[in-house]
Amino acid sequence: MLRRAFGQCPDSSLGSLCSRLLPMKAYRASILSFTPDREQGSCAVLEDDGLLVVGPDPLGRQRVQASGPYHQLKAHFQAVPTENLHGRVIAPGFIDMHNHFAQTNVIGSPADGLLPWLEHYTFPEEQRFSSAQYSTEAARFFLDELLRNGVTTALSFATCSTESVEALFCEAQQRRVRLISGLCLMDRHAPAGVLNRAAPDGSRNACEQSLIDSEVLLQKWHGRDRLGYAVTPRFAPSCSEEQLRGAGYLAERYPEAWIQSHVAESRDEIAWARQLFPTSRSYLATYADFGLLRRRAVYAHCIHFDDQDRTLMRDSGAVAAVSPTSNLFLGSGFFDSAAADRIGLQYGLASDVGGGTSFSPFHTMLAAYYVAREGQSKVGRSLSPQQLWWQHTAGAARALGLEGVVGNLRPGCEADFIVLNPQATPLLARRSAQANNLDELLFAMIVLGDDRLIERTVISQAQ
Ligand SMILES: [Zn+2]
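Within each chain, residues carry numbers counting from 1 in the order of the written sequence. Given that this is a predicted model, residues contribute local features only at a pLDDT of at least 70 and side-chain atom pairs are listed and counted only at 80 or more, while totals for whole chains, interfaces and linings are drawn from all residues. Excluded from the side-chain calculations are hydrogens and water; all other atoms, namely the structure's heavy atoms, are used.

Quick look at the coordination of the zinc ion
Donors, by definition, are the N, O and S atoms found within 2.8 Å of a metal, the threshold being 3.2 Å for Na, K and Ca, and water is not counted, so a site can look incomplete. Within the protein, the zinc ion binds to His98 (NE2), His100 (NE2), His262 (NE2) and Asp352 (OD); these donor distances fall in the range 2.0 to 2.4 Å. Under this scheme a four-donor centre is tetrahedral when all angles range from 85 to 135 degrees, a four-donor centre is square planar and a six-donor centre octahedral when opposite donors are above 155 degrees with the rest from 65 to 115, and any other centre is irregular. Geometry at the zinc ion is irregular, judged from the 4 donor atoms that bind it and their angles of 84 to 169° at the metal.

A look at the nonpolar core
Among buried residues, the Ala, Val, Leu, Ile, Met, Phe, Trp, Tyr and Cys ones that are joined through side-chain atoms within 4.5 Å form a nonpolar core. Whether a residue is buried, partly exposed or exposed follows from its accessible area with a 1.4 Å probe, protein chains only, as a fraction of its type maximum: under 20%, in between, or over 50%, in that order. Core analysis: the largest hydrophobic core is formed by 95 residues, its most contacted members being Tyr299, Met313, Trp389 and Leu420. Filtering out sequence-adjacent residues up to four positions away, Leu420 remains in contact with Arg88, Val89, Ala91, Phe362, Trp389, Met445, Leu453 and Ile454. The next biggest cluster of nonpolar side chains, apart from the first, holds 16 residues, and it includes Ile180, Trp258, Ala350 and Ala397. Residue contacts follow a heavy-atom distance rule, with two residues in contact if any of their heavy atoms lie within 4.5 Å.

Some remarks on unusual backbone geometry
With an omega of 5°, the peptide bond running from Val353 to Gly354 counts as cis. For helices the rule is a DSSP run of H or I covering at least 4 residues; for strands it is a run of E covering at least 2, with both sets numbered from the N terminus onward. Tracing the sequence through the fold places Gly354 in the loop between strand E15 (347-349) and helix H13 (361-373). Even without being glycine, Ala264 reaches a positive phi, approximately 50°. By the element assignment, Ala264 lies in the loop between strand E12 (258-263) and helix H8 (267-276). Among the residues examined, Ala264 registers a relative accessible area of 1% and is labelled buried. The phi dihedral of Asp352 is positive, around 50°, even though this residue is not glycine. Assignment of secondary structure puts Asp352 in the loop between E15 and H13. On the accessibility criterion, Asp352 (4% relative accessible area) is buried.

Description of the packing of H13 against helix H17 (residues 438-448)
Interaxial angles span 0 to 180 degrees and are taken between N-to-C directions of axes, which are lines fitted to C-alpha atoms, for helices over the stretch in contact. Running from amino to carboxyl end, H13 crosses H17 at an angle of 105°, the nearest separation of the two axes being 7 Å. Judged on the interaxial angle alone, H17 and H13 are roughly perpendicular. Side by side, H13 and H17 meet where Phe362, Met365, Leu366 and Tyr369 of the first sit next to Phe443, Met445, Ile446 and Val447 of the second. Residue polarity follows a fixed list, in which Ala, Val, Leu, Ile, Met, Phe, Trp, Tyr, Cys and Pro are nonpolar, Asp, Glu, Lys and Arg are charged, and the others, Gly among them, are polar. For the contact of H13 with H17, the class distribution of residues is 8 nonpolar, no polar and no charged. With respect to orientation, any angle under 35 degrees is reported as roughly parallel, any angle over 145 as roughly antiparallel, any angle of 65 to 115 as roughly perpendicular, and every other angle as oblique.

Here we look at the sheet that holds strand E6 (residues 82-92)
The criterion for strand pairing is that DSSP finds at least two bridges linking the strands in question. Strand order across the open sheet formed by 6 strands is E5-E4-E3-E6-E16-E17, with mixed pairing between neighbours. Among the strands making up the open sheet, the edge pair consists of strand E5 (62-69) and strand E17 (454-458). For this sheet, the mean angle separating the axes of adjacent strands, direction not counted, is 40°. The strands touched by H17 are strand E3 (25-34), strand E4 (44-56) and strand E16 (417-420); relative to E4, the strand with the most contacts, the crossing angle is about 70°.

Note that every value here comes from positions in space, so none of it alone points to a role or purpose.
See the structure below:
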């Protein structure tokens, strides 16, 4: 039985890793996971008295070894140290599909919509990230705040300075956060201090230098531990045609890297993009014209779309990062999830901090519910609690091409999870005690939850 208590290493070539026995650990609690066999609205499974067993794979990364009813699994894992978390819910770590680490300090800044908000708050703050020291301090706070809120995977914008990218990756690597980021590409239409920089000796302009820097950073960081690189044009109006063409070239050369950008957030932005790229069929089509729509391409917002845009996204494999607190805060509009579902456009949820108003996935899920309910500008509907939670975990993982890797607690997934305490506040304790089924319990946490609900965030550790 002792053998069961330790991770086994089947590949003898990994001798150095096998030279020590790596411990497994089990947790007894209610366990939330998602089954891919059912519709989103009924895809969640809560094992009331469950056992979650985690242990290392041959490379030492902690993965879920087993998850299911305690009474069925306990005999198989008797020798595994088991922590009893009675009254707690273990759930997959959240996935934030879009945010900006350099905007932590401007969260909650009042402005008259997207473009004034960028001009008055965001760009002045992002200028400060040319300092490696400033970037490192900000990255530490940002990543710790993500973890405190139960986010274990994130797709994040850095700024146009290589220092900001290096700092974010370094700090994420230390914390084992599954982070995807990249150098922001922006060579026009912003103050000089936030744009990409030319080579110091003048041998290359900002566009050329930004593309070279992107490739160097990609080769250094993509696939290193749990990190991934995203080719990151900020949004089409901020990039010259040459820069977008170069980004498309990188996206084609490195198909396993991600792409992240913004599209169709506000009507002013769309009008501007249409002026700058008049030959494209739509704002979204501009990205297609430069080779930037493909699998693993993630576009924030996707609000003001027609069905041709949705079809283009679906057929290219690109996905939407829906950012409801940001869209409500800036008054940008309402993502039409019913239309997206009708066409088959994939999407997941995102905080979009600092345009978004909270790091908390509970606030994001609740805002997504409000946005879906809105029925004046589109068809309103109620998203089910299971659907909302799925969109921030397993559904987001699927959209990112990380299904079966993160966002779920099925065997083989990386062991990123959170421990929730439904008694965390008096009102939550009172309301959750009245929950008659899984939807009512999940919705009580979505509506009333915040960082107080998260007792612990556990990251898949390398041994
Ligand atoms: Zn954004």
